[in-house]
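Here are the chains, one letter per residue:
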Amino acid sequence: MKVQFVVQPHSGISYHRLINPMEFMTWDEGDYAEMLWHSKEEHLIDSDILYYNKFISTSVDVLKEVKKVNKNLKIVLDIDDSWDMPINHPVYEIWRLNEMSQKVLDNIELADLVICTTLKLQNKVRKYNKNTVVIPN
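Residues numbered from 1 in each chain as written. Predicted model: local features only at pLDDT ≥ 70, side-chain atom pairs only at ≥ 80, totals over all residues. Heavy atoms only, no water.

A. Summary view of the nonpolar core. Ranked by size, the top nonpolar core spans 26 residues in total, and within it Leu50, Ile79 and Ile108 carry the most contacts. Mapped onto this core, the elements with two or more residues apiece are β3 (49-53), α2 (60-69), β4 (74-79), α4 (100-110), β5 (113-116) and α5 (119-125). Of all the elements, α4 adds the most residues to this core, at five residues. Ignoring anything within four residues of it in the chain, the contact list for Ile108 reads Leu77, Ile79, Trp83, Val114, Val125, Tyr128 and Asn129. In terms of nonpolar packing, the next biggest core, distinct from the first, is built from nine residues, Phe5, Leu18, Tyr51 and Val76 among them. (Core = buried A, V, L, I, M, F, W, Y, C linked by side-chain atoms within 4.5 Å. Buried < 20%, exposed > 50% of the residue type's maximum accessible area, 1.4 Å probe, protein only. Helix = DSSP H or I, 4+ residues; strand = E, 2+ residues; numbered from the N terminus. Contact = heavy atoms within 4.5 Å.)

B. Geometry of the pairing of strand β2 (residues 32-37). Bridging between strand β1 (residues 2-7) and β2 involves six bridges; their strand directions are parallel. In the sheet register, Gln4 faces β2, and the bridge partner there is Glu34. (Pairing = 2+ DSSP bridges.)

C. Examining the sheet that holds β5 more closely. Strand order in this open sheet of six strands is β2-β1-β3-β4-β5-β6, and the pairing throughout is parallel. Two strands bound the open sheet, and with one partner strand each, they are β2 and β6 (132-134). In this sheet, neighbouring strand axes are inclined to one another by 20° on average, regardless of whether the strands run parallel or antiparallel. Two elements, β4 and β5, share four bridges in a ladder whose sense is parallel. (Axes fitted to C-alpha atoms, helices over the stretch in contact; angles between N-to-C directions.)

D. Seen up close, the packing of aromatic side chains. In this structure the tally under the stated criterion is two aromatic pairs. Geometrically, the ring pair formed by Phe55 and Trp95 is edge-to-face, given 6.2 Å between the ring centres and 65° between the ring planes. A residue pair is termed long-range when its members are at least 10 positions apart, and Phe55 in the loop between β3 and α2 and Trp95 in helix α3 (residues 92-97) qualify at 40 residues. The class of Phe55 is buried, set by a relative accessible area of 16%. When the centroid spacing of 5.9 Å and the interplanar angle of 85° are considered together, the rings of Trp83 and Tyr128 count as edge-to-face. One end of the pair, Trp83, is in the loop between β4 and α3; the other, Tyr128, is in the loop between α5 and β6, with 45 residues separating them in the sequence. Across from the ring centre of Trp83, 4.7 Å away, lies the NZ or CZ of Lys124, which sits over that ring. (Phe/Tyr/Trp six-rings, centres within 6.5 Å; stacked < 30°, edge-to-face > 60°. Lys NZ or Arg CZ within 6 Å of the ring centre and 35° of its normal.)

E. Looking closely at the pairing of β3. Across the five residues that make up β3, a large majority, four, are buried. Here four bridges tie β1 to β3, and the two strands are oriented parallel to one another. Note on β3: the bridge partner recorded for Val3 is Ile49.

F. Broad picture of unusual backbone geometry. One non-glycine residue, Ser39, lies in positive phi territory at about 75°. Inspection of the secondary structure assignment puts Ser39 in the loop between β2 and β3. Note on Ser39: relative accessible area 48%, which makes it partly exposed. Despite not being glycine, Lys54 shows a phi value in the positive range, around 65°. Mapped onto the fold, Lys54 is located in the loop between β3 and α2. Using a relative accessible area of 10% as the deciding quantity, one classes Lys54 as buried.

Written out as structure tokens, the structure reads:
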């Protein structure tokens, strides 16, 4: 099994929700994990499992094409908080202008599995994808 996980540089979320779990997983002989940098290395997607937080720079349409070519590919999406950015959040305007809420929802719908941090978040995610589990921080 080959797992690729996409991380953002200098991101606490990537460290705690992606890198740490990958470091502590028990791997069978022949299994392989590879870290890809967000935006810079996503063109290298070629795995059995693609694991990332909320969204990646690769569009959902491209990911759908990758899944058509690699029928074994499973997408695991980790979501640690709501995609609805409050208007008083420091990056709200950037989030809104780039339609990030919709991008997160598109990734939720595409994922084969969505990992949530809380039951409350899981209930919200299940409106878009029933295949969820909770793994708290």
